[in-house]
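Now for the letters of each chain:
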Amino acid sequence: MDRVYNFAAGPAAMPLPALEKARDELCAYGKTGMSVMEMSHRSKMYLEIYQKTEAAFRSVMQIPDTYAVLFLAGGATGQFAAIPMNLLPEDGVADYVDSGNFAHGAAVEAKKYGNVHVIASSREENYVRIPAFTVADLDANAAYLHITTNNTIFGTRYTKLPETGSIPLVADASSNILSEVYDINRFGVMYAGAQKNIGPAGMAVVIVRKDLMGHARAITPKIYDWAKQAEGDSMVNTPPTYTIYMAGLCLDWVAEQGGVAALEKVNIEKAALLYDCLDNSKLFKGTADPAFRSRMNVTFVTGNPDQDADFVKEAAAQGLVNLKGHRLVGGIRASIYNAMPIEGVQKLVNFMKEYEAKHV
Ligand SMILES: *Cc1c(COP(=O)(O)O)cnc(C)c1O
């Protein structure tokens, strides 16, 4: 069967070579005579897979030993709760930047556990940009500052990381991790749901500076206690074993492409193709402030919801699928994560031009 170009925001397209390798190994992995899905998570053969995935992650992101890398069930949303439980003392305060729906959700969840201070928000402007703030807006005693590096629904990204002085920067990088080079030393914690740029759904990758661990509140569920998880290879309970294996195959692909820096170059080209098309179009209009445009999620509209829906339908008939905008905002969204080849973006741009010629 032919594969389509899948512009879904997540779960999203994965590299075909990773899927093919998984297919080839599905029923019998190596010489084990069994599927990865059938292995005990504590078996020697599975531990090798786990350690290979962690090593690949550390290698492509150049993560030093001063950071733990955890693979935890519950996705990024689980971490919205884990972050305050691990980092925010009961009488402390945490700063949050409200730059999108997930950023908002992270702050709302944290409020259940303590004092949350939203230092900047673009909610009133429908999140078309990253709100402005400076280090002076931070609470001097904040346990951390939480940001969302790429706003999946609204198509914006931080083009520059905030300076936070000695306050740890905690970043939800669910939709742009592995798509651009980050110096992990700038972060106290970086975390990401897997289903955009890492692998299949079912877990979050949590990269934590080790000195920030070990202060979890007594009420913290042990599966969300980073220190406990770090002690035992994320195996306080059975981890998402197959998702970790698949992430390893996807990371092999990242390395084969030349690593994150090489993918970043392609991602810049892919995004430029689409934004150039939007900027020169008489029909389509980008919705994000150009100063904060995401390279992963390109959001646009025709100005007429019926026309948007017609475009999405016509595109699908051409094998360009899942272009419908998020249910909260409508319009059109092309998610172009690492696994979307530039050919797919070129085909979309060509189709947009054809469609425009017919309808303007
Ligand atoms: C998708 C997404 C989430 C939610 O991830 P889950 O794994 O579904 O919990 C959180 N934050 C951002 C930025 C996302 O893109």
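The structure displayed is predicted, hence computed values, not measured ones.

1. Structural notes on the overall build of the chain
Move 1: The secondary structure content of the chain amounts to nine helices and 14 strands.
Move 2: Taken against the 2.2 N^0.38 rule, which gives 21 Å for 360 residues, the C-alpha radius of gyration of the chain at 21 Å falls within 12% of a compact globule.
Move 3: Once the C-alpha set of the chain is aligned to its principal axes, its extents read approximately 60 × 60 × 30 Å.
Move 4: Considering the chain as a whole, with its 360 residues, one finds that 56% of them fall into the buried category.
Move 5: When contacts within the chain are restricted to residue pairs at least 6 apart in sequence, long-range pairs at least 24 apart make up 67% of them.
Move 6: Just so you have it, the chain exposes about 15600 Å², and 52% of that area is on carbon and sulfur atoms.
Move 7: For the chain, the distance from the average site of its 34 positive side-chain charges to the average site of its 39 negative ones is 2 Å.

2. A short note on the sheet that holds strand β3 (residues 93-98)
Move 1: Taken together, the seven strands give an open sheet; going across it, the order is β2-β10-β9-β8-β5-β3-β4, and neighbouring strands pair in mixed fashion. Each having just a single partner strand, β2 (67-72) and β4 (115-121) make up the two edges of the open sheet. Neighbour-to-neighbour, the strand axes of the sheet open up by a mean angle of 20°, direction not taken into account.
Move 2: As defined by bridge partners, β2 adjoins strand β10 (residues 204-209) across six bridges and the pair is classed as antiparallel. For Tyr67, the partnering residue across the bridge sits in β10 and is Arg209.

3. Focus on the domain arrangement of the chain
Move 1: Parsing the chain into structural domains produces domain 1 (16-256) and domain 2 (259-359).
Move 2: For domain 1 versus domain 2, the separation of C-alpha centres amounts to 27 Å.
Move 3: Across the contact, 25 residues belong to domain 1 and 25 residues belong to domain 2.
Move 4: Buried area between domain 1 and domain 2, both sides added, is near 2200 Å², and the carbon and sulfur share of it is 56%.
Move 5: Two residues, Asp289 and Arg129, come together in a salt bridge whose shortest N-O distance is 2.9 Å.
Move 6: Elements represented by at least two residues in the side of domain 1 that touches domain 2 include exactly β6 (150-151), β7 (156-157) and α6 (241-256).
Move 7: Here the element with the most residues in the side of domain 1 that touches domain 2 is α6; it accounts for three residues.

What counts as what
Residues numbered from 1 in each chain as written. Predicted model: local features only at pLDDT ≥ 70, side-chain atom pairs only at ≥ 80, totals over all residues. Heavy atoms only, no water. Helix = DSSP H or I, 4+ residues; strand = E, 2+ residues; numbered from the N terminus. Rg over C-alpha atoms; globule rule 2.2 N^0.38 Å. Buried < 20%, exposed > 50% of the residue type's maximum accessible area, 1.4 Å probe, protein only. Contact = heavy atoms within 4.5 Å. Areas by Shrake-Rupley, 256 points an atom, 1.4 Å probe, with all protein chains shown as cover. Lys, Arg positive; Asp, Glu negative; His and termini not counted. Charge placed at Lys NZ, Arg CZ, Asp CG, Glu CD. Pairing = 2+ DSSP bridges. Axes fitted to C-alpha atoms, helices over the stretch in contact; angles between N-to-C directions. Domains from an automatic or database assignment. Buried area = accessible area lost by both parts, 1.4 Å probe. Salt bridge = Lys/Arg side-chain N within 4 Å of Asp/Glu carboxyl O.

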